[in-house]
Amino acid sequence: MKLLFDQNISYRIEKQISSIFIDSKHVSNVGLSNTNDSDIWQFAKQNEYVIVTFDSDFYDISLLKGSPPKIIWIRGGNLTTKKITEIFEDKHLAIRDFIENQDKKEIACLEIY
């Protein structure tokens, strides 16, 4: 399960959740620092990543283009890396279900709080 964290989330998250989401990356670690959302979208789609973001922008793109990629939209403002880690630890089963469950393959966005 590959998560791609948007640039508005600290690159430190990659290490913090590596035991739960092994193949996760931050955009800065795949050569996408300071790139536009469209380029991140395309990279995620081509490389089978799920985009994790604080922004509604990727949700808006998903309304136009559908999925893949899927989006995990963290609602609740700019949270610390520690808080994001806690959320992902607490909700990892729901996140896995959203990504892996074939009955949910048409659902483009998961909002988590």
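Just so we're clear, the structure is a prediction, and the values are computed from it rather than from any experiment. (Residues numbered from 1 in each chain as written. Predicted model: local features only at pLDDT ≥ 70, side-chain atom pairs only at ≥ 80, totals over all residues. Heavy atoms only, no water.)

K.L.:
For this particular structure, what's the right way to read the overall build of the chain?
P.N.:
Broken down by element type, the chain carries five helices and five strands. Along its sequence from the N terminus, the chain presents helices and strands in the succession β-α-β-α-β-α-β-α-α-β. Taking 13 Å as the expected radius of gyration for a compact globule of 113 residues, we find that the chain reaches 13 Å, a close match to that expectation. Taking all 113 residues of the chain together, 41% fall into the buried category. (Helix = DSSP H or I, 4+ residues; strand = E, 2+ residues; numbered from the N terminus. Rg over C-alpha atoms; globule rule 2.2 N^0.38 Å. Buried < 20%, exposed > 50% of the residue type's maximum accessible area, 1.4 Å probe, protein only.)

K.L.:
Would you take a moment to explain the nonpolar core for this structure?
P.N.:
Note on soluble globular proteins: their nonpolar side chains tend to be buried together. Among the nonpolar cores identified, the biggest contains 19 residues, and Leu3, Ile72 and Phe88 are the most heavily contacted of them. Of all elements in the fold, only strand S1 (3–5), strand S3 (50–53), strand S4 (71–74), helix H4 (81–90), helix H5 (92–100) and strand S5 (109–112) reach the threshold of two or more residues within this core. For this core, the element with the highest residue contribution is H4, accounting for three residues. Apart from residues lying up to four places away in sequence, Ile72 is in contact with Leu3, Val50, Ile51, Val52, Thr53, Phe88, Ile95, Phe98, Ile99, Leu110 and Ile112. Membership of the second largest hydrophobic core comes to 14 residues, among which are Val27, Leu32, Trp73 and Cys109. (Core = buried A, V, L, I, M, F, W, Y, C linked by side-chain atoms within 4.5 Å. Contact = heavy atoms within 4.5 Å.)

K.L.:
Just to check I follow, could you spell out helix H3 (residues 57–65) for this structure?
P.N.:
For an α-helix the count is 3.6 residues per turn, leaving residues at separations of three or four pointing the same way. Phe58, Ile61 and Ser62 are the residues of H3 that are buried. Seen from one end, H3 has its buried residues packed into an arc of 105°, which puts them on one side. Turned more than 90 degrees away from the buried face of H3, the exposed residues are Leu63 and Leu64. Contacts from the buried residues of H3 go to helix H2 (37–47), S3 and S4. (Arc of directions from axis to C-beta.)

K.L.:
Any chance you could explain the packing of aromatic side chains here in plain terms?
P.N.:
What describes a pair of aromatic rings is the distance from one ring centre to the other and the angle between the planes of the rings. Throughout the structure, instances matching the rule amount to four aromatic pairs. Between Phe43 and Tyr49 the ring centres are 5.7 Å apart and the planes differ by 25°, which places this aromatic pair in the stacked class. Members of the aromatic cluster, each reached through a chain of ring pairs, are Phe5, Phe21 and Phe88. (Phe/Tyr/Trp six-rings, centres within 6.5 Å; stacked < 30°, edge-to-face > 60°.)

K.L.:
Got a minute to help me understand unusual backbone geometry in this structure?
P.N.:
What is expected of a backbone is that most residues other than glycine have negative phi and most peptide bonds are trans. Cis geometry marks the peptide bond from Ser67 to Pro68, where omega comes out at 10°. Secondary-structure assignment places Pro68 in the loop between H3 and S4. With omega at 0°, the peptide bond leading from Pro68 into Pro69 counts as cis. Tracing the backbone shows Pro69 in the loop between H3 and S4. Backbone geometry places Glu48, a non-glycine residue, at a positive phi of 60°. In this structure, Glu48 sits in the loop between H2 and S3.

No statement about biological role is implied by the geometric values presented.
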